[in-house]
Amino acid sequence: MKERILVTGGTGYIGSHTVVELQNAGYEVVIVDNLSNSNADVVDNIEQVSGIRPAFEKLDCLDMAGLDAVFAKYQGIKAIIHFAASKAVGESVQKPLLYYRNNLGSLINLLELMPKHGVEGIVFSSSCTVYGQPDQLPVTEEAPIKKAESPYGNTKQINEEIIRDDVASGAPIQAILLRYFNPIGAHPSALLGELPNGVPQNLVPYLTQTAIGIREKLSVFGDDYNTPDGSCIRDFINVVDLAKAHVVAIGRMLEGKQAEKVEVFNIGTGRGVSVLELIHGFEKATGVKLNYQIVGRRAGDIEQVWANPERANKVLGWKAETSLEDTLRSAWNWQLKLRERGIQ
Ligand code: NAD
Ligand code: WQD
């Protein structure tokens, strides 16, 4: 058994896939999640996929004493992967203080406790949202950080700065900031996936819910952008590929291979795919015809963004591997499984 890793938000969408990949790589995982956006039965599904039941503590990362007790109970935690956060862009505009409190407070608590418990490093879930609309594409990690479009996006920028400032002050820790592009898809077992709360705001959950008949029609937000087919362009990254990036980041950190105490990596495919291309790709991959209509632009949308993932490819030795077709099929299989289980 390799080192013990604390995964906050480990029953969530990206967290649950990452726990499985960590276990597959031999790490021992302790999950902390307050279940504000996930269910406890995800722990059962993780066990079913990996054959190993992770330790699970239902706890809010804002609860400093509770976190302290978790570190004391599970001695020797070597690193943290910090997924726990509120992540709905629209909701963050309505409830900014909730977002600032949750996303900043959780990180600060962890950073304060790390030295006390000898935790060496933290991998932080950042986002391509920090780039806004980049001046140059594909976007590299050196691109300037643009003013955030939402309180949610701002929490990612501030959290990156908090980590940098803490390390610069001499805190005995290392950090890896992973800037995810657009994670989509589900585990090939269809036992893990994204479980949106209420009406999905993100493209792929809305698309699969439309395909299965929960939603009548998918609205495509704009076909008058300055892109080849007029719809927005994103870098859609398979969630299992994304999960694997965390495992290599943890390995790099714990093997003392970091060149700097804070490293940042884009985690994307390097390929831009338009919203309309994605829709047609889904139809082709699954044979399911999608009911969609073009509507007006959505406020705050970035026209086009995709990653230059070369640094992650070269330095981490990580590369997105799964085809878009397989990824979209996995999202569809997950949606079918949800119906089978009577969930959605
Ligand atoms: P998710 O909502 O599925 O998972 C987050 C988990 O954290 C949930 O299980 C939730 O219950 C838990 N949580 C939230 N606040 C908590 C708290 N205070 N204490 C304990 N648990 C708490 O989201 P996800 O899509 O898996 O995202 C994981 C991380 O990746 C987030 O930090 C998110 O901002 C970031 N991210 C996500 C995307 C995306 O498109 N999904 C893109 C870039 C970055
Ligand atoms: C993708 C494209 C929409 C829904 C958001 C956050 C970002 C990051 C990932 C966390 C856009 C279009 C969508 C629909 C549509 N999260 N769309 N019809 O906006 O790229 O990024 O999630 O860090 O911070 O902002 O993702 O999936 O919402 O949209 O046409 O019903 O699909 O306009 O072009 P986005 P998304």
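Anything mentioned here points back to the structure above.
Owing to the predicted nature of the structure, the values given are computational and were not obtained by experimental measurement.

Observations regarding helix α11 (residues 324-340)
Consideration 1: The first and last C-alpha atoms of α11 sit 24 Å apart over 17 residues, in line with the 24 Å expected at 1.5 Å per residue.
Consideration 2: In this structure, the buried residues of α11 make contact with β7 (182-184), α7 (203-211), β10 (236-238), β12 (273-274) and α9 (275-286).
Consideration 3: Two residues or fewer after α11 comes G342, characterised by a positive phi angle close to 70°.

Side note on the site of ligand 2
Consideration 1: Close contacts around ligand 2 come from 17 residues, with S127, Y152, S219, R234 and D301 the closest.
Consideration 2: N182 has a polar side-chain atom sitting 3.0 Å from an oxygen atom of ligand 2.
Consideration 3: For ligand 2, a nitrogen atom lies 2.6 Å from a polar atom in the backbone of S219.
Consideration 4: When ligand 2 is considered free in solution it has 680 Å² of accessible area, and contact with the protein chains removes 87% of it.
Consideration 5: Looking at which element gives the most residues to the shell around ligand 2, the answer is strand β8 (residues 218-221), with 4 residues.
Consideration 6: A class-by-class count of the residues in the shell around ligand 2 yields 8 nonpolar, 6 polar and 3 charged.

Observations regarding the sheet that holds strand β5 (residues 121-127)
Consideration 1: If you trace the 7 strands from one edge of the open sheet to the other, you get β3-β2-β1-β4-β5-β6-β11, paired in parallel fashion. The open sheet has two edge strands with one neighbour each: β3 (55-58) and β11 (262-267). On average, each strand axis in the sheet is tilted by 20° relative to the strand beside it, whichever way the strands run.
Consideration 2: Relative to strand β2 (residues 28-33), strand β1 (residues 4-8) runs parallel, the two being bridged by 5 bridges. Across the sheet, the residue bridging to I5 is V29, located in β2.
Consideration 3: Together, β1, β2, β3 and β4 (77-82) form the strand contacts of helix α3 (residues 64-73), whose direction differs from that of β2 by roughly 165°.

Section: the packing of aromatic side chains
Consideration 1: Counted according to the given criterion, the structure contains 2 aromatic pairs.
Consideration 2: The interplanar angle of 90° and the centroid separation of 5.8 Å between the aromatic rings of F282 and W332 together place this pair among those described as edge-to-face. One end of the pair, F282, is in helix α9; the other, W332, is in helix α11, and 50 residues separate them in sequence. Note on accessibility: F282 and W332 belong to one class, buried.

Basis of the calculations
Residues numbered from 1 in each chain as written. Chains lettered and ligands numbered in written order. Predicted model: local features only at pLDDT ≥ 70, side-chain atom pairs only at ≥ 80, totals over all residues. Heavy atoms only, no water. Helix = DSSP H or I, 4+ residues; strand = E, 2+ residues; numbered from the N terminus. Expected span 1.5 Å × (residues − 1). Contact = heavy atoms within 4.5 Å. Near = heavy atom within 4 Å. Polar contact = N/O pair within 3.5 Å; in protein donor to acceptor, adjacent residues only side chain to side chain. Areas by Shrake-Rupley, 256 points an atom, 1.4 Å probe, with all protein chains shown as cover. Nonpolar A, V, L, I, M, F, W, Y, C, P; charged D, E, K, R; others polar. Pairing = 2+ DSSP bridges. Axes fitted to C-alpha atoms, helices over the stretch in contact; angles between N-to-C directions. Phe/Tyr/Trp six-rings, centres within 6.5 Å; stacked < 30°, edge-to-face > 60°. Buried < 20%, exposed > 50% of the residue type's maximum accessible area, 1.4 Å probe, protein only.

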